[in-house]
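Descriptive analysis of the structure
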Amino acid sequence: MRLQAKTQMRQHRANVSPSDVNMFKQLLPGKLGLNGLIKHFKVSHFAFLHSSANVKVEVHSQEQEVVIALGSNVGDRLHNFDEALRLMRILGIDVVRHGCLYETAPAYVTDQPHFLNSAIRAFTKLGPHELLGALKKIERDMGRTDGIRYGPRPIDLDILFYGKLRFNSDILTIPHERIWERPFVIAPVLDLLGSAVENDTVACWHSFATHANDLFETWKKLGGNSLIGKEGMKRVLPINKVLWDWSQKTSVMGILNLTPDSFSDGGKFQSIGEAVSQVRLMISEGADMIDIGAQSTRPMATLISPEEEMSRLIPVLEAILEMPEVEGKLVSVDTFYSEVASEAVGKGAHIINDVSSGQIDSNMFKVVADLKVPYIAMHMRGDPSTMQSSENLQYDNVCNQVASELYLRLRDAEVSGIPAWRIIIDPGIGFSKNTEQNLDILIELSNIRTEIAKKSLALSHAPILIGPSRKKFLGEICSRSAAVDRDPATVASVTAGVLAGANIVRVHNVKDNLDAVKLCDAILRRKKSIV
């Protein structure tokens, strides 16, 4: 079920005493508008519930939206996050959004390992103390013991927001009392929001900001985006037991097609020996990643079954993963079948690259969530056989609509359990786009991020992959009918894309495109140094 449908069914109202009814009436947004709503919440203070040693009031909620912070710096930190999320769902905490993943230097007690930090949005029927009890149980079950305050821990779970309520008791204060001084908390909290305030609950969270008008201003006062990428706070994506900071350089993904009918090199690498030789060449030329595809996604391609795809893919994948040269490199599998994804990751593949973003195989999101690997979600309308139809090429604003349609797919992926910190975005150059639309995407990648950011800052921060290599639109512009003659145009399109904000480029010709990427990265570093 889509998150929108879930949200529409939820009535976020607490069952409280009659004395609280008037306070709840004040929550109605009326005609104030979003800025006015935040100001209104500031004035009303939201002192709905108070609990002291003498008076205890517990919310028995139909369902409340909550924000919970996660931290870990002992053991397998990422596994600790995955396990905590699994246990939350078991205990009645329905996770629907994830922040980005941050590796951060320890605060307060500095002589300890670096932390992983993030946050989630969820719905729960548990009251505040019940929720606290559930989170403490998870911490205990995962091995946390009483120790030094702010010291090392396998998992740390804090309630940051609970619906629209302020809450104060001997053991629990909501909003969390130290949230406003911690960049490693505020950053993932903002990731859970959009740049546009989506509802009155989110407006309320903004209104809680101390010494600021909203959470965005709080973040700026703490240092804002200038903090990201420094040693003390890196935004990372976990791949193959490595935390990848994609802001350091643009990555080059080499393409290996195992199909007989791919538009550029179909039939060239169907034997294991030919495939291994091509991978060896791409790695020697500087490829960071290898993307292996055994199903043609060229326009009008006929779909083959998962079984036939695996018969082409798996023997080659196994051979490639045994190559000494592949050590330290990343291997992606280009498939839209969940069965193929599961088998490939079981053999050792690190990334799933799905051109359909879960539209062709409805099981893909759930399978990838369980596999716990990065997921490349590409924008496409229809399937390869229908994507270039006149209907699928109709856009009012291609970048805005690509962003909006991708966001809907990614929202469903998150609800299925794929966290934002494992998602890579591909706007789908050459898929359901004509020449002008492909150019618009290359020019306006930043607009795609901005449009996604209105709904989800976490997803807007995701790495962007582009794949213009040897595509038909380059041939149309440069009068090159043969795909292999489009490498110079590919270099130009990659250059434009990287300067516009791409983080990964997927190419056939690694050597020439790597030089282009290195130059672009140098330009961007120089530009940043003189701003």
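The shown structure was predicted, so the numbers you read here are calculated from the model rather than taken from an experiment.

Observations regarding the confidence of the model for the protein chain
Confidence in the prediction for the protein chain averages 88 pLDDT; 86% of positions are at 70 or higher. Taken together, the stretch residues 1-34 has pLDDT below 50 and engages in 52 contacts with residues farther than four places along the chain or on a different chain. Across residues 43-59, confidence stays below pLDDT 50; counting only partners more than four residues off in sequence or on other chains, it has 53 contacts.

Let's talk about helix α5 (residues 128-141)
Structural remark: α-helix, 3.6 residues per turn; residues separated by three or four positions point the same way. When the terminal C-alpha atoms of α5 are compared, their 20 Å separation across 14 residues agrees well with the 20 Å that a helix rising 1.5 Å per residue should span. Those residues of α5 that sit buried are Pro128, Leu131, Leu132, Ala134, Leu135, Ile138 and Glu139. End-on, the buried residues of α5 take up no more than an arc of 160°, which puts them together on one face. The secondary structure elements touched by the buried residues of α5 are β3 (64-72), α4 (77-90), β4 (93-98), β7 (156-162), β8 (167-168) and β9 (173-174). Immediately beyond the C-terminal end of α5, within one or two residues, lies Gly143, with a positive phi of roughly 100°.

Things to note about the pairing of β3
Working note: regular strand, side chains alternate between the two faces of the sheet. Of all 9 residues in β3, 9 are buried, a share of seventy percent or more. What you see with β3 is no split at all: Gln64, Val66, Ile68, Leu70 and Ser72 on one side and Glu65, Val67, Ala69 and Gly71 on the other are buried throughout. Sheet topology places β3 next to strand β6 (residues 115-124); 9 bridges connect them, and they run antiparallel. Its bridge partner being in β6, Val67 is matched across the sheet by Arg121. Looking at chain direction, β3 and β7 are connected through 6 bridges and run antiparallel. Residue pairing in the sheet places Gly71 in a bridge with Asp156 of β7.

Cut-offs used in this document
Residues numbered from 1 in each chain as written. Predicted model: local features only at pLDDT ≥ 70, side-chain atom pairs only at ≥ 80, totals over all residues. Heavy atoms only, no water. pLDDT = per-residue confidence, 0-100. Contact = heavy atoms within 4.5 Å. Helix = DSSP H or I, 4+ residues; strand = E, 2+ residues; numbered from the N terminus. Expected span 1.5 Å × (residues − 1). Buried < 20%, exposed > 50% of the residue type's maximum accessible area, 1.4 Å probe, protein only. Arc of directions from axis to C-beta. Pairing = 2+ DSSP bridges.

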